[in-house]
Amino acid sequence: MTKTIQPELTLVGAGIGDPDLITVKGMKALRRADVVLYDALVSEELLEYAPQAKKVYVGKRVDQHSFKQEEINRLIVSHAIGGGHVVRLKGGDPYVFGRGHEEMLYAQKHGIRVNLVPGISSSVAAPALQGIPVTRRGDSQSFWVITGTTKEGDVSKDIALAAQSSATVIILMGTKKIDQIMDSFKAAGKENTPVAIIQNASTPQERIGIGHVHDIADIMRRDNLGSPAVIVVGDVVRHHAKYPNRLSDVVVNA
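Residues numbered from 1 in each chain as written. Predicted model: local features only at pLDDT ≥ 70, side-chain atom pairs only at ≥ 80, totals over all residues. Heavy atoms only, no water.

(A) How the structure looks around the packing of aromatic side chains. Overall, the coordinates contain one aromatic pair when judged by the stated rule. With 5.5 Å between their ring centres and 65 degrees between their planes, Tyr38 and Tyr57 make a pair best called edge-to-face. Taken together, the residues span a long stretch of sequence, with Tyr38 in strand 2 (residues 35-38) and Tyr57 in strand 3 (residues 54-57) at a distance of 19 residues. For Tyr38, a relative accessible area of 10% corresponds to the buried category. (Phe/Tyr/Trp six-rings, centres within 6.5 Å; stacked < 30°, edge-to-face > 60°. Helix = DSSP H or I, 4+ residues; strand = E, 2+ residues; numbered from the N terminus. Buried < 20%, exposed > 50% of the residue type's maximum accessible area, 1.4 Å probe, protein only.)

(B) Summary view of the nonpolar core. Ile171, Ile178, Met182, Phe185, Ile197, Ile231 and Val233 are the most contacted members of the largest nonpolar core, which totals 21 residues. Contributions of two or more residues to this core are made by helix 5 (158-163), strand 9 (168-172), helix 6 (178-187), strand 10 (194-199), helix 7 (216-222) and strand 12 (229-233). (Core = buried A, V, L, I, M, F, W, Y, C linked by side-chain atoms within 4.5 Å.)

(C) Broad picture of the sheet that holds strand 12. Taking strand neighbours across the sheet as the criterion, the five strands line up as 8-9-12-10-11 in an open arrangement whose pairing is mixed. Both outer strands of the open sheet, strand 8 (143-147) and strand 11 (207-212), are each paired with one neighbouring strand and no more. Here the strands of the sheet are splayed against their neighbours by 15 degrees on average, with no regard to which way each runs. Taken together, the five bridges between strand 10 and strand 12 define a ladder with antiparallel strand orientation. (Pairing = 2+ DSSP bridges. Axes fitted to C-alpha atoms, helices over the stretch in contact; angles between N-to-C directions.)

(D) Highlighting helix 2 (residues 69-83). Helix length check: helix 2 (15 residues) gives 21 Å between terminal C-alpha atoms against 21 Å at 1.5 Å per residue, within 8%. Taken together, the buried positions of helix 2 are Gln69, Ile72, Asn73, Leu75, Ile76, Val77, His79 and Ala80. (Expected span 1.5 Å × (residues − 1).)

Laid out in structure tokens, this is it:
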């Protein structure tokens, strides 16, 4: 008698670039995967946890989409129905601008059992690994995480709202819109607010630019910083080791 394989999807957050930052639960999911669909920002070292699985690259980068989201959704379903357990391996956390919820709902509508393994988001890990706390008593009571570019290609209106607050503002996918983003902070009277741009966080290629609202765009271009990068705006940036007149002596050694 042939055993029926239950179609299953596990959405796994790989965390930011360093492969050691994946969770143990994520590793266990990979070990029992029949198929792994993985993204551009995922370290390929993680695929070694699934030696028996079929690997399918479905990465999407700025202006370089190998698959449209609708195609990825269909691939998830076809591989799950045809092969059993699909692991959808996504950089960072699947629910932080990762479209993970859409993929899970699509799979569920097609009768596929779904599981979620959260990952470490670059929105908090990238600044943390650079010694920048996203909140700190006396500096910041909260933080916003905002996409720099909407699906229509515009700057998010939430940035202008966040610029009026005292919160730390963390912007993902925003380097191409750096001038417009900083204009929102200038309009809120924040010209001298510290800013950090962290590129390729947690990897050997990690780089950082430190400046202020009024000059960070020029610093980014001068130093040739770009995506993938996290933009951090707020007084907490003053705790970074490279900031002039830094506010603390803590140095983070990863």
